Amino acid sequence: MLSTNNFNNAMTKFDHPQEILITEWAALQGRTDLTNCTVQGVDLREQSRDWDQCRIGNTAFLGCPMDLETELQLRRIGAHIYPPPAQPLPYNPFRKALYTWQELIAPVEGKQADLHIYEHFSASKLNPPINEALWQRIHDHSIDEGLRQLLQFDAEGMTNRRCVGIMGGHSTLRTDPYFEKTALTALLLAKAGYFVVSGGGPGIMEAANLGAYLSPYGAEALKQALRTLKSAPHYTDPGYHEAAQAVLQDYPDGAENLAIPTWFYGHEPSNLFASHIAKYFSNSIREDTLLAISLYGIICAPGSAGTTQEIFMDATQNHYGTFNYYSPMVFLGRQRYEIETLIYPLLRQLAWGREYYDLLCLTDKPEEVVHFLQAHPPRKVG
C-alpha cells in the first residue's frame, strides 16, 4: 500500500495546472475523470475496472502493459495508447523516476546494469535504427520529467532547490589538489543550503558529489574519505568502485545531491556519491540541461576541452538570458583560467557592459566560492 507521501508522488501536476501524471495504480484506481491525464508505466493486466465509466479527453497511457480487451476498450473511448517495446530492452523508456547508483551497479547478465545499457547503446549509437532512436528519446523525456519532479520549477523557470553545478576534468585523479578543493567547495555549498549538481562521472564530477554527500559529516570526514579513495586514484584502477563503497559504508547517511551523466561517455563509470542520477542517452540534451538548471551558479574547476565547451555554453545562456535568469560563473583555478588558457580574461571582455559582468569570479579558495554565490544570487532577466 502506498503511503500518503508516495501516493502524492505517484500523481504529479505538470506545469499546466490541469495536466496530471499518474504513475501508480493506487492513484488511478478511484479516479473517474481522466481528462488531461497521462498514465505512465502502470501495469493494468492484473487490475479490473470499467473504463466506460471514465471521462476521457487528452488522455494517454504510456508504456502501460495491458490485455487486448482493455486496450480495445480504452481506444474505443478515445484514449491514446503508446505500448511498451515489443522486444525487451536493457532499459525502461517509460521510467517513473531518476536512477540510483544501486540500480546502475546491479548485476544484469553477468555485468553491471550501467555497462549492459552502455554496450547496447554503443552497438548503434552513431546510426541507431528508428525504433531504437525513438525509445531513447522517450527514455530521455522520462528523465526530463523526473528532474521536473525533483526540482519543482515555478512559472518563471526557477527551481525550488538552489542548484549549483560543478564542472571540471573527468580524468582528474583522486590525489589531485583540485579534487580535494572541489570536494571541499561542494561540502561548503551543501552546508550553506545549495543543491550540488555534477555531470555524474569520475574526476571533478565525483569530487563534487562526494563533497555534497559528506556535508552532514564535515571536513574531517572528507579528509578521511579522501585517504580511502586515494588507494585507487583513476577510474581505470583496480578497486576504484570498492574504495567508493568503503566510504559509503563509513558514512551511510549523506546529503542529497544530483548527477547528470550520459551513456554517450558510458565508458566512464557513474560515481557512487549522487543520491539522484538523471542519466541520458543524448549528451547534448544532458549538457544543456545541467547548465540550464544550475541557476544559482556554475563552478568551473580545471578541465580540458569538454569543460571549456560547457563554459562557453553557459556564457551564451547568460549573454542572451536564455533561461530567464543571469547566473554566477565561478572559476576555481587561477593558473588554469587566467594564465594557461586566458579563458577568464576573455569572458570578462565578452561580458563587458552586459548584465552578467559582475557575476564572474576567479578564485582558488573554496570559502570564497560560497561567499561569492551568497552575495550574487541569480538575477531575473528584464
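Residues numbered from 1 in each chain as written. Predicted model: local features only at pLDDT ≥ 70, side-chain atom pairs only at ≥ 80, totals over all residues. Heavy atoms only, no water.

*Asks:* Please clarify how the overall build of the protein chain should be interpreted in this entry.
*Replies:* From N to C terminus, the protein chain includes 15 helices and 16 strands. The C-alpha radius of gyration of the protein chain comes to 22 Å, within 12% of the 21 Å expected for a compact globule of 382 residues. Per-residue burial over the protein chain gives 51% buried out of 382 residues. Summing over all exposed atoms, the protein chain offers an accessible surface of approximately 17,500 Å²; the carbon and sulfur share of this is 51%. (Helix = DSSP H or I, 4+ residues; strand = E, 2+ residues; numbered from the N terminus. Rg over C-alpha atoms; globule rule 2.2 N^0.38 Å. Buried < 20%, exposed > 50% of the residue type's maximum accessible area, 1.4 Å probe, protein only. Areas by Shrake-Rupley, 256 points an atom, 1.4 Å probe, with all protein chains shown as cover.)

*Asks:* Could you clarify how one ought to interpret the packing of helix α7 (residues 177-191) against helix α8 (residues 204-213) in this entry?
*Replies:* For any two helices packed against each other, the geometry comes down to the angle between their axes and how far apart the axes lie. Two numbers describe how α7 lies on α8: the axes approach to 7 Å, and their chain directions differ by 35 degrees. In terms of crossing hand, the pair formed by α7 and α8 is right-handed. Across the interface between the two elements, Tyr 178, Phe 179, Thr 182, Ala 183, Ala 186, Leu 187 and Ala 190 of α7 pack against Ile 204, Glu 206, Ala 207, Ala 208, Leu 210, Gly 211 and Ala 212 of α8. Of the residues belonging to the contact of α7 with α8, the class tally is 11 nonpolar, 2 polar and 1 charged. (Axes fitted to C-alpha atoms, helices over the stretch in contact; angles between N-to-C directions. Left-handed = near helix turned anticlockwise from the far one by under 90°. Contact = heavy atoms within 4.5 Å. Nonpolar A, V, L, I, M, F, W, Y, C, P; charged D, E, K, R; others polar.)

*Asks:* Help me out: how do you make sense of the side chain of Glu 287 in this one?
*Replies:* Take Glu 287: it is sitting in helix α11 (residues 283-293). Arg 286 provides the closest opposite charge to the buried, salt-bridge-free Glu 287, at an N-O distance of 4.4 Å. There is a polar contact of 2.8 Å between the side chain of Glu 287 and the side chain of Gln 309. (Lys, Arg positive; Asp, Glu negative; His and termini not counted. Salt bridge = Lys/Arg side-chain N within 4 Å of Asp/Glu carboxyl O. Polar contact = N/O pair within 3.5 Å; in protein donor to acceptor, adjacent residues only side chain to side chain.)

*Asks:* Before we go on, may I ask you to explain helix α5 (residues 113-122) in this structure?
*Replies:* Along an α-helix, residues three or four apart share an orientation, since each turn contains 3.6 residues. Residues of α5 that are buried include every one of Ala 113, Asp 114, His 116, Ile 117, Tyr 118 and Phe 121, and no others. In this structure, the buried residues of α5 make contact with α4 (101-105), β6 (107-108), β7 (111-112) and α6 (130-151).

*Asks:* Even after reading the chapter, I still don't get the state of the cysteines, so can you show me in this structure?
*Replies:* Two cysteines, two sulfur atoms, one covalent bond between them: this is a disulfide. Under the definition given, this model contains 0 disulfides. Its sulfur unpaired, Cys 64 is 12 Å from the next cysteine sulfur, which belongs to Cys 37. In this structure Cys 300 is a free cysteine whose sulfur lies 11 Å from that of Cys 361, the closest cysteine sulfur available. Residue Cys 300 is classed as buried on the basis of its relative accessible area of 1%. (Disulfide = S-S within 2.5 Å.)

*Asks:* What is the right way to read α11 from this model?
*Replies:* Of all 11 residues in α11, 8 are buried, a share of seventy percent or more. Listed in full, the buried residues belonging to α11 are Asn 283, Arg 286, Glu 287, Thr 289, Leu 290, Leu 291, Ala 292 and Ile 293.

*Asks:* What is the right way to read the packing of aromatic side chains from this model?
*Replies:* Ring pairs (aromatic) are described by centroid distance and by the angle formed between their planes. All told, the structure shown has 13 aromatic pairs when counted by the stated rule. With a centroid separation of 5.7 Å and an interplanar angle of 85 degrees, the aromatic rings of Tyr 99 and Trp 263 are classed as edge-to-face. Here Trp 263 lies in the loop between β10 (258-259) and β11 (276-277) and Tyr 99 lies in the loop between β5 (80-82) and α4, a separation of 164 residues in the sequence. Trp 263 shares its class with Tyr 99; the two are buried. For the ring pair Tyr 217 and Tyr 251, a centre distance of 5.0 Å and an interplane angle of 65 degrees mean the geometry is edge-to-face. (Phe/Tyr/Trp six-rings, centres within 6.5 Å; stacked < 30°, edge-to-face > 60°.)

*Asks:* Quick question: what am I supposed to make of the sheet that holds strand β8 (residues 163-167) here?
*Replies:* For sheets, the rule is that strands pair by backbone hydrogen bonds, running either parallel or antiparallel. What the 7 strands build is an open sheet, ordered β11-β10-β9-β8-β12-β14-β15; its pairing is parallel. Looking along the sheet, the strands with just one partner apiece sit at the ends: β11 and β15 (360-363). Note that β8 and strand β9 (residues 195-198) share 4 bridges and pair parallel. Its bridge partner being in β9, Val 164 is matched across the sheet by Val 196. Against the sheet, helix α14 (residues 343-351) touches β14 (329-332) and β15, its axis set at about 165 degrees to β15. (Pairing = 2+ DSSP bridges.)

*Asks:* Just checking my understanding: could you explain the pairing of β9 for this structure?
*Replies:* Along a regular strand, successive side chains alternate from one face of the sheet to the other. Burial along β9 is two-sided: the face carrying Phe 195 and Val 197 and the face carrying Val 196 and Ser 198 are both buried. At this point the chain moves from β8, through α7, to the parallel β9, and the crossover so formed is right-handed. Across 2 bridges, β9 lies against β10 in parallel orientation. Note on β10: the bridge partner recorded for Ser 198 is Ala 259. (Right-handed = clockwise from strand over helix to strand, strands pointing away.)

*Asks:* What is the right way to look at the environment of His 120 in this model?
*Replies:* Here His 120 is to be found in helix α5. Between the alpha carbons of His 120 and Tyr 91 there is a distance of 9.4 Å; along the sequence they are 29 residues apart. For His 120, the contacting residues outside a window of four places in its chain are Leu 89, Pro 90, Tyr 91 and Glu 132.

*Asks:* Got a minute to help me understand the pairing of β14 in this structure?
*Replies:* Both faces of β14 are covered, namely the face carrying Met 329 and Phe 331 and the face carrying Val 330 and Leu 332. The sheet contact formed by strand β12 (residues 298-300) and β14 spans 3 bridges and is parallel. Bridging across to β14, Ile 298 finds its partner in Met 329. Note: β14 against β15, 4 bridges, orientation parallel. If you follow Met 329 over to β15, its bridge partner there is Leu 360.

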